Amino acid sequence: KALVDMRDDSGRQVEVRGVLDAGIVTIVSKLGDSNTRVKDESAKALMILAENQSGGCSYVAGHVLKPPKQQNVYKNITARLEFTEQLMDKFEPTPTNNLGTDNIMPLALIGLNSSNADTRSAAVNITVRLHEVHGRRQVDPHLKSVSSEATKKILQERLGTGGGPSQAPPPAAAPAKPKPAAPAKKAAPAPGNKKASSPVRQQDPEQEPEDEGEKVQWYRKKADAGDADAQYNLAICYEEGKGVAKSEREAAKWFAKAAAQGDADAQFSLGVCYHEGKGVDKDDAKAIELWTKAADQGNQDAKFILGMGGDPEQ
(Lines give C-alpha, C1' and ligand atoms only; values in the text may rest on other atoms or scores of the structure.)
Protein backbone atom coordinates (compact mmCIF):
# COMPACT_ATOMS: atom_id res chain seq x y z
CA LYS A 1 0.00 0.00 0.00
CA ALA A 2 2.87 2.36 0.80
CA LEU A 3 4.39 1.63 -2.60
CA VAL A 4 1.31 2.46 -4.66
CA ASP A 5 0.76 5.67 -2.65
CA MET A 6 4.30 7.02 -3.00
CA ARG A 7 4.40 10.80 -3.56
CA ASP A 8 7.14 13.32 -4.32
CA ASP A 9 7.96 16.44 -2.28
CA SER A 10 5.18 18.40 -4.01
CA GLY A 11 2.59 15.79 -3.07
CA ARG A 12 2.16 14.37 -6.57
CA GLN A 13 1.87 10.62 -6.88
CA VAL A 14 5.02 8.93 -8.17
CA GLU A 15 4.70 6.62 -11.17
CA VAL A 16 5.69 3.18 -9.92
CA ARG A 17 4.35 0.97 -12.72
CA GLY A 18 7.83 -0.32 -13.57
CA VAL A 19 8.35 -1.49 -10.00
CA LEU A 20 4.88 -3.01 -9.91
CA ASP A 21 5.49 -4.91 -13.14
CA ALA A 22 8.43 -6.63 -11.51
CA GLY A 23 6.50 -7.66 -8.42
CA ILE A 24 2.93 -8.38 -9.48
CA VAL A 25 3.81 -11.68 -11.18
CA THR A 26 5.17 -12.98 -7.88
CA ILE A 27 2.17 -11.69 -5.91
CA VAL A 28 -0.26 -13.36 -8.32
CA SER A 29 1.62 -16.65 -8.04
CA LYS A 30 1.20 -16.53 -4.25
CA LEU A 31 -2.60 -16.58 -4.58
CA GLY A 32 -2.31 -20.35 -4.78
CA ASP A 33 0.14 -20.68 -1.91
CA SER A 34 -0.53 -23.51 0.54
CA ASN A 35 0.05 -21.08 3.43
CA THR A 36 -3.31 -19.43 4.12
CA ARG A 37 -1.77 -16.25 5.49
CA VAL A 38 0.46 -15.80 2.43
CA LYS A 39 -2.51 -16.45 0.16
CA ASP A 40 -4.75 -13.95 2.00
CA GLU A 41 -2.11 -11.23 2.14
CA SER A 42 -1.44 -11.66 -1.59
CA ALA A 43 -5.13 -11.25 -2.35
CA LYS A 44 -5.28 -8.18 -0.09
CA ALA A 45 -2.25 -6.61 -1.82
CA LEU A 46 -3.74 -7.21 -5.27
CA MET A 47 -7.05 -5.67 -4.26
CA ILE A 48 -5.30 -2.56 -2.91
CA LEU A 49 -3.42 -2.30 -6.18
CA ALA A 50 -6.64 -2.71 -8.18
CA GLU A 51 -8.23 0.15 -6.22
CA ASN A 52 -5.26 2.48 -6.76
CA GLN A 53 -4.68 4.53 -9.89
CA SER A 54 -1.08 3.34 -10.05
CA GLY A 55 -2.45 -0.07 -10.90
CA GLY A 56 -6.18 -0.32 -11.48
CA CYS A 57 -8.58 -3.20 -11.97
CA SER A 58 -7.67 -3.73 -15.62
CA TYR A 59 -3.96 -3.98 -14.77
CA VAL A 60 -4.49 -6.47 -11.94
CA ALA A 61 -7.12 -8.55 -13.74
CA GLY A 62 -4.88 -8.79 -16.81
CA HIS A 63 -2.15 -10.43 -14.73
CA VAL A 64 -4.50 -12.63 -12.69
CA LEU A 65 -6.26 -13.96 -15.79
CA LYS A 66 -3.05 -14.74 -17.66
CA PRO A 67 -2.88 -18.57 -17.68
CA PRO A 68 0.07 -19.79 -15.57
CA LYS A 69 2.80 -21.79 -17.25
CA GLN A 70 2.09 -24.80 -15.02
CA GLN A 71 -1.57 -25.31 -15.78
CA ASN A 72 -1.55 -28.72 -14.12
CA VAL A 73 -1.04 -27.08 -10.71
CA TYR A 74 -4.73 -26.83 -9.89
CA LYS A 75 -4.30 -24.52 -6.89
CA ASN A 76 -2.99 -21.75 -9.14
CA ILE A 77 -6.01 -21.91 -11.44
CA THR A 78 -8.52 -22.21 -8.58
CA ALA A 79 -7.06 -19.26 -6.67
CA ARG A 80 -7.03 -17.01 -9.76
CA LEU A 81 -10.64 -17.81 -10.57
CA GLU A 82 -11.72 -17.16 -6.99
CA PHE A 83 -9.89 -13.84 -6.87
CA THR A 84 -11.41 -12.83 -10.21
CA GLU A 85 -14.83 -13.25 -8.61
CA GLN A 86 -13.71 -10.90 -5.83
CA LEU A 87 -12.77 -8.34 -8.49
CA MET A 88 -16.21 -8.76 -10.08
CA ASP A 89 -17.79 -8.02 -6.70
CA LYS A 90 -15.75 -4.83 -6.36
CA PHE A 91 -15.63 -3.50 -9.93
CA GLU A 92 -17.93 -3.39 -12.93
CA PRO A 93 -17.45 -6.67 -14.89
CA THR A 94 -16.68 -4.97 -18.21
CA PRO A 95 -14.02 -5.49 -20.91
CA THR A 96 -12.58 -2.10 -19.93
CA ASN A 97 -11.73 -3.60 -16.53
CA ASN A 98 -10.49 -6.80 -18.17
CA LEU A 99 -13.50 -8.54 -16.62
CA GLY A 100 -15.54 -9.20 -19.75
CA THR A 101 -16.55 -12.68 -20.89
CA ASP A 102 -13.75 -12.87 -23.46
CA ASN A 103 -11.23 -11.82 -20.82
CA ILE A 104 -12.25 -14.41 -18.23
CA MET A 105 -13.38 -17.48 -20.17
CA PRO A 106 -9.92 -18.63 -21.41
CA LEU A 107 -8.84 -19.21 -17.80
CA ALA A 108 -12.29 -20.51 -16.87
CA LEU A 109 -12.06 -23.12 -19.65
CA ILE A 110 -8.78 -24.39 -18.24
CA GLY A 111 -10.62 -24.85 -14.95
CA LEU A 112 -13.68 -26.42 -16.55
CA ASN A 113 -11.45 -29.01 -18.24
CA SER A 114 -9.37 -29.63 -15.11
CA SER A 115 -9.24 -33.05 -13.48
CA ASN A 116 -9.49 -31.41 -10.04
CA ALA A 117 -12.97 -31.07 -8.56
CA ASP A 118 -12.25 -27.82 -6.68
CA THR A 119 -10.88 -26.16 -9.80
CA ARG A 120 -13.85 -27.29 -11.88
CA SER A 121 -16.21 -25.98 -9.19
CA ALA A 122 -14.51 -22.56 -9.17
CA ALA A 123 -14.67 -22.46 -12.96
CA VAL A 124 -18.35 -23.40 -12.99
CA ASN A 125 -19.12 -20.68 -10.43
CA ILE A 126 -17.47 -17.93 -12.44
CA THR A 127 -19.05 -19.19 -15.66
CA VAL A 128 -22.47 -18.96 -14.04
CA ARG A 129 -21.58 -15.47 -12.81
CA LEU A 130 -20.62 -14.39 -16.34
CA HIS A 131 -23.86 -15.87 -17.62
CA GLU A 132 -25.81 -13.80 -15.07
CA VAL A 133 -23.99 -10.59 -15.94
CA HIS A 134 -23.42 -10.81 -19.70
CA GLY A 135 -26.02 -13.30 -20.89
CA ARG A 136 -26.09 -16.63 -22.69
CA ARG A 137 -25.11 -15.28 -26.11
CA GLN A 138 -21.71 -14.17 -24.85
CA VAL A 139 -20.97 -17.26 -22.77
CA ASP A 140 -22.31 -20.15 -24.85
CA PRO A 141 -19.76 -19.92 -27.72
CA HIS A 142 -16.95 -20.55 -25.22
CA LEU A 143 -18.64 -23.62 -23.76
CA LYS A 144 -18.12 -25.54 -27.00
CA SER A 145 -14.54 -26.08 -25.77
CA VAL A 146 -15.64 -27.93 -22.62
CA SER A 147 -14.52 -31.54 -23.09
CA SER A 148 -16.08 -33.28 -20.07
CA GLU A 149 -19.67 -34.45 -20.50
CA ALA A 150 -20.11 -34.41 -16.73
CA THR A 151 -19.03 -30.76 -16.59
CA LYS A 152 -21.36 -29.93 -19.47
CA LYS A 153 -24.25 -31.47 -17.56
CA ILE A 154 -23.41 -29.47 -14.43
CA LEU A 155 -23.30 -26.26 -16.47
CA GLN A 156 -26.66 -27.05 -18.05
CA GLU A 157 -28.18 -27.58 -14.62
CA ARG A 158 -26.63 -24.43 -13.15
CA LEU A 159 -27.28 -22.14 -16.09
CA GLY A 160 -30.82 -23.35 -16.74
CA THR A 161 -33.03 -21.14 -18.90
CA GLY A 162 -33.42 -18.11 -16.64
CA GLY A 163 -36.96 -19.16 -15.73
CA GLY A 164 -38.59 -19.69 -12.38
CA PRO A 165 -41.24 -17.95 -10.34
CA SER A 166 -41.27 -14.18 -10.17
CA GLN A 167 -40.38 -12.41 -6.95
CA ALA A 168 -43.04 -12.70 -4.30
CA PRO A 169 -44.75 -9.49 -3.21
CA PRO A 170 -43.54 -7.85 0.00
CA PRO A 171 -45.38 -8.54 3.29
CA ALA A 172 -48.30 -6.56 4.58
CA ALA A 173 -46.17 -4.73 7.13
CA ALA A 174 -42.53 -4.33 8.01
CA PRO A 175 -41.35 -5.95 11.27
CA ALA A 176 -40.77 -2.53 12.80
CA LYS A 177 -42.24 0.80 11.80
CA PRO A 178 -40.87 4.30 12.31
CA LYS A 179 -44.43 5.69 12.44
CA PRO A 180 -47.72 4.49 13.97
CA ALA A 181 -48.95 1.42 12.14
CA ALA A 182 -52.24 1.24 10.33
CA PRO A 183 -54.41 -1.89 10.62
CA ALA A 184 -53.05 -4.88 8.74
CA LYS A 185 -53.88 -4.86 5.05
CA LYS A 186 -53.17 -7.12 2.12
CA ALA A 187 -49.64 -6.96 0.74
CA ALA A 188 -48.85 -4.39 -1.89
CA PRO A 189 -47.77 -5.75 -5.26
CA ALA A 190 -44.18 -5.30 -6.36
CA PRO A 191 -43.81 -2.34 -8.76
CA GLY A 192 -43.91 -3.11 -12.43
CA ASN A 193 -41.25 -2.29 -14.99
CA LYS A 194 -41.38 1.38 -15.89
CA LYS A 195 -40.63 2.14 -19.51
CA ALA A 196 -37.78 4.41 -20.55
CA SER A 197 -39.31 4.81 -24.02
CA SER A 198 -41.84 3.28 -26.39
CA PRO A 199 -41.62 -0.53 -26.66
CA VAL A 200 -42.07 -0.28 -30.42
CA ARG A 201 -38.76 -0.79 -32.15
CA GLN A 202 -37.80 1.83 -34.71
CA GLN A 203 -34.65 2.73 -36.58
CA ASP A 204 -33.85 5.50 -34.15
CA PRO A 205 -31.30 3.96 -31.72
CA GLU A 206 -32.85 5.94 -28.87
CA GLN A 207 -36.04 3.87 -29.19
CA GLU A 208 -36.41 0.81 -26.96
CA PRO A 209 -36.15 -2.50 -28.92
CA GLU A 210 -38.79 -5.22 -28.75
CA ASP A 211 -36.49 -8.24 -28.42
CA GLU A 212 -35.96 -9.00 -24.72
CA GLY A 213 -32.25 -9.79 -25.13
CA GLU A 214 -31.60 -6.63 -27.14
CA LYS A 215 -33.65 -4.66 -24.66
CA VAL A 216 -31.33 -5.80 -21.84
CA GLN A 217 -28.29 -4.61 -23.77
CA TRP A 218 -30.04 -1.32 -24.55
CA TYR A 219 -30.85 -0.82 -20.87
CA ARG A 220 -27.31 -1.80 -19.86
CA LYS A 221 -25.70 0.79 -22.14
CA LYS A 222 -27.87 3.56 -20.71
CA ALA A 223 -27.53 2.21 -17.16
CA ASP A 224 -23.74 2.21 -17.41
CA ALA A 225 -23.99 5.86 -18.45
CA GLY A 226 -25.90 6.62 -15.23
CA ASP A 227 -29.52 6.64 -16.43
CA ALA A 228 -31.62 5.85 -13.33
CA ASP A 229 -34.65 4.67 -15.35
CA ALA A 230 -32.46 2.23 -17.28
CA GLN A 231 -30.82 1.03 -14.06
CA TYR A 232 -34.26 0.31 -12.61
CA ASN A 233 -35.42 -1.45 -15.79
CA LEU A 234 -32.25 -3.55 -15.92
CA ALA A 235 -32.83 -4.58 -12.31
CA ILE A 236 -36.36 -5.70 -13.24
CA CYS A 237 -34.95 -7.77 -16.11
CA TYR A 238 -32.62 -9.58 -13.73
CA GLU A 239 -35.35 -9.94 -11.11
CA GLU A 240 -37.80 -11.55 -13.55
CA GLY A 241 -35.34 -13.28 -15.88
CA LYS A 242 -36.44 -11.30 -18.94
CA GLY A 243 -33.82 -11.35 -21.69
CA VAL A 244 -31.14 -12.46 -19.23
CA ALA A 245 -30.62 -15.20 -16.65
CA LYS A 246 -32.48 -14.46 -13.43
CA SER A 247 -30.15 -13.11 -10.74
CA GLU A 248 -31.22 -11.68 -7.39
CA ARG A 249 -27.71 -10.32 -6.80
CA GLU A 250 -27.63 -8.37 -10.09
CA ALA A 251 -31.18 -7.14 -9.55
CA ALA A 252 -30.28 -5.78 -6.11
CA LYS A 253 -27.12 -4.18 -7.49
CA TRP A 254 -28.98 -2.22 -10.16
CA PHE A 255 -31.84 -1.30 -7.83
CA ALA A 256 -29.17 0.11 -5.52
CA LYS A 257 -27.63 2.23 -8.29
CA ALA A 258 -30.99 3.73 -9.19
CA ALA A 259 -31.96 4.16 -5.54
CA ALA A 260 -28.74 6.08 -4.90
CA GLN A 261 -29.93 8.60 -7.49
CA GLY A 262 -33.18 9.10 -5.58
CA ASP A 263 -35.44 6.85 -7.69
CA ALA A 264 -38.41 6.11 -5.39
CA ASP A 265 -39.45 2.89 -7.14
CA ALA A 266 -35.90 1.58 -6.88
CA GLN A 267 -35.75 2.54 -3.21
CA PHE A 268 -38.94 0.59 -2.57
CA SER A 269 -37.73 -2.45 -4.54
CA LEU A 270 -34.31 -2.44 -2.88
CA GLY A 271 -36.11 -2.31 0.47
CA VAL A 272 -37.94 -5.50 -0.51
CA CYS A 273 -34.58 -7.09 -1.37
CA TYR A 274 -33.21 -6.25 2.08
CA HIS A 275 -36.39 -7.37 3.85
CA GLU A 276 -36.39 -10.75 2.10
CA GLY A 277 -32.61 -11.20 1.88
CA LYS A 278 -32.68 -11.48 -1.91
CA GLY A 279 -29.37 -10.58 -3.52
CA VAL A 280 -28.23 -8.87 -0.31
CA ASP A 281 -27.93 -9.79 3.35
CA LYS A 282 -31.28 -9.58 5.13
CA ASP A 283 -31.52 -6.24 6.96
CA ASP A 284 -34.97 -5.06 8.06
CA ALA A 285 -33.64 -1.77 9.41
CA LYS A 286 -32.19 -0.96 5.98
CA ALA A 287 -35.46 -2.00 4.34
CA ILE A 288 -37.43 0.41 6.52
CA GLU A 289 -34.94 3.20 5.83
CA LEU A 290 -35.36 2.71 2.07
CA TRP A 291 -39.14 2.41 2.25
CA THR A 292 -39.28 5.61 4.29
CA LYS A 293 -37.24 7.46 1.66
CA ALA A 294 -39.55 6.15 -1.06
CA ALA A 295 -42.67 7.07 0.93
CA ASP A 296 -41.35 10.59 1.48
CA GLN A 297 -41.30 10.93 -2.31
CA GLY A 298 -44.89 9.77 -2.57
CA ASN A 299 -44.34 6.10 -3.45
CA GLN A 300 -47.71 4.46 -2.74
CA ASP A 301 -46.33 0.95 -2.23
CA ALA A 302 -43.91 2.19 0.42
CA LYS A 303 -46.64 4.16 2.20
CA PHE A 304 -48.85 1.08 2.21
CA ILE A 305 -46.10 -1.15 3.62
CA LEU A 306 -45.28 1.34 6.38
CA GLY A 307 -48.92 1.72 7.39
CA MET A 308 -49.03 5.34 6.21
CA GLY A 309 -52.03 4.89 3.96
CA GLY A 310 -51.21 4.83 0.32
CA ASP A 311 -52.86 3.00 -2.55
CA PRO A 312 -50.66 0.28 -4.13
CA GLU A 313 -52.91 0.29 -7.20
CA GLN A 314 -51.84 3.84 -8.11
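Computed from a predicted model, the values in this text were never measured in an experiment. (Residues numbered from 1 in each chain as written. Predicted model: local features only at pLDDT ≥ 70, side-chain atom pairs only at ≥ 80, totals over all residues. Heavy atoms only, no water.)

Colleague: Outline the overall build of the protein, supporting the account with residue identities and numerical values.
Modeller: From N to C terminus, the protein includes 14 helices and zero strands. Listing the helices and strands of the protein from first to last along the sequence gives α-α-α-α-α-α-α-α-α-α-α-α-α-α. Within the protein, the fraction of its 314 residues that count as buried is 44%. If you take every contact in the protein between residues at least 6 apart in sequence, the share linking residues at least 24 apart comes to 57%. (Helix = DSSP H or I, 4+ residues; strand = E, 2+ residues; numbered from the N terminus. Buried < 20%, exposed > 50% of the residue type's maximum accessible area, 1.4 Å probe, protein only. Contact = heavy atoms within 4.5 Å.)

Colleague: Explain the pattern of salt bridges to me, and be specific about the residues and the numbers.
Modeller: Here the idea is simple: oppositely charged side chains can pair when their charged atoms come close. Taken as a whole and judged by the stated rule, the model has 17 salt bridges. With a closest N to O distance of 3.4 Å, R136 and D140 form a salt bridge. A residue pair is termed a helical-turn pair when its members lie 3 or 4 positions apart in one helix, as R136 and D140 do in helix α7 (residues 136-143) at four residues. Residue R136 is classed as partly exposed on the basis of its relative accessible area, which comes to 36%. Residue E149 pairs with K152 through a salt bridge whose shortest N-O separation is 3.4 Å. (Salt bridge = Lys/Arg side-chain N within 4 Å of Asp/Glu carboxyl O.)

Colleague: Could you give me a rundown of the environment of Q86, with the residues and numbers involved?
Modeller: Relative to the assigned elements, Q86 resides in helix α4 (residues 74-90). Judged by its relative accessible area of 38%, Q86 falls in the partly exposed class. When the C-alpha atoms of Q86 and A43 are compared, they prove to be 9.3 Å apart, with 43 residues separating the residues in sequence.

Colleague: Tell me about unusual backbone geometry, and please be specific about residues and values.
Modeller: Notably, N98 is not glycine yet its phi reads approximately 60 degrees, a positive angle. With respect to the helices and strands, N98 occurs in the loop between α4 and α5 (101-112).

Colleague: Account for the confidence of the model for the protein, with residues named and values stated.
Modeller: In the predicted model, the protein carries a mean pLDDT of 77, and the fraction of residues at 70 or more is 74%. Highest mean pLDDT in the protein belongs to helix α11 (residues 248-260) (95); lowest belongs to helix α1 (residues 17-29) (71). Predicted confidence for residues 13-17 stays below pLDDT 50, and this span has 18 contacts to residues more than four positions away or in other chains. (pLDDT = per-residue confidence, 0-100.)

Colleague: Requested: an account of the nonpolar core, with residues and values cited.
Modeller: In terms of nonpolar packing, the biggest core is built from 40 residues, with V60, F83, L87 and L112 touching the most fellow members. At the level of elements, α1, α2 (36-51), α3 (57-64), α4, α5, α6 (117-134), α7 and α8 (149-159) are the ones that each hand at least two residues to this core. With 22 residues, the next largest nonpolar core counts W218, A230, L234 and A259 among its residues. (Core = buried A, V, L, I, M, F, W, Y, C linked by side-chain atoms within 4.5 Å.)

Colleague: For helix α9 (residues 212-224), give the residues involved together with the corresponding values.
Modeller: In a regular helix each residue adds 1.5 Å, so 13 residues correspond to 18 Å; α9 covers 18 Å between its end C-alpha atoms and thus fits that length. Within the sequence span of α9, burial applies to G213, K215, V216, W218, Y219, R220 and A223. Of the surrounding elements, those touching the buried residues of α9 are α6, α7, α10 (228-240) and α11. For α9, the N-terminal capping position is held by D211, with its side-chain oxygen 3.1 Å away from the main-chain nitrogen of G213. Of the residues flanking the end of α9, it is G226, one or two places downstream, whose phi is positive at about 100 degrees. (Expected span 1.5 Å × (residues − 1). Polar contact = N/O pair within 3.5 Å; in protein donor to acceptor, adjacent residues only side chain to side chain.)

Colleague: Could you give me a rundown of the packing of α5 against α6, with the residues and numbers involved?
Modeller: It is at 8 Å that the axes of α5 and α6 come closest, and there the two elements cross at 155 degrees. In this view, α5 runs roughly antiparallel relative to α6, as classed from their interaxial angle. The chirality of how α5 crosses α6 is left-handed. Two secondary-structure elements touch here, α5 through T101, I104, M105, A108, G111 and L112 and α6 through T119, R120, A123, V124, I126, T127, L130 and H134. A class-by-class count of the residues in the contact of α5 with α6 yields eight nonpolar, five polar and one charged. (Axes fitted to C-alpha atoms, helices over the stretch in contact; angles between N-to-C directions. Parallel < 35°, antiparallel > 145°, perpendicular 65-115°, else oblique. Left-handed = near helix turned anticlockwise from the far one by under 90°. Nonpolar A, V, L, I, M, F, W, Y, C, P; charged D, E, K, R; others polar.)

Colleague: If you had to explain the packing of aromatic side chains to someone new, which residues and values would you point to?
Modeller: Scanning all chains against the criterion turns up three aromatic pairs. Lying over the aromatic face of W218, K222 brings its terminal NZ or CZ to 5.2 Å of the ring centre. Taking NZ or CZ as reference, K257 lies 5.5 Å from the ring centre of W254, over its face. (Phe/Tyr/Trp six-rings, centres within 6.5 Å; stacked < 30°, edge-to-face > 60°. Lys NZ or Arg CZ within 6 Å of the ring centre and 35° of its normal.)

Colleague: Could you give an account of the environment of K90, naming the residues involved and the relevant values?
Modeller: Its location among the elements puts K90 in helix α4. Not counting chain neighbours up to four residues away, the residues in contact with K90 comprise M47 and E51.

Colleague: Quick one: what's the story with the side chain of S114, residue by residue and with numbers?
Modeller: Considering the arrangement of structural elements, one finds S114 in the loop between α5 and α6. With a relative accessible area of 18%, S114 lands in the buried category. When sequence neighbours within four positions are dropped, the list of residues in contact with S114 reads T119 and R120.

Colleague: Can you explain the packing of α11 against helix α12 (residues 264-276)? Please cite residues and give values.
Modeller: The interhelical angle for the contact between α11 and α12, taken along N-to-C directions, is 140 degrees, at an axis separation of 8 Å. It follows from the interaxial angle that α11 and α12 lie oblique. Regarding α11 and α12, the two cross each other, and that crossing is left-handed. Across the interface between the two elements, A252, F255, A256, A258 and A259 from α11 touch A266, Q267, S269, L270 and C273 from α12. Among the residues making up the contact of α11 with α12, the classes are represented as eight nonpolar, two polar and no charged.

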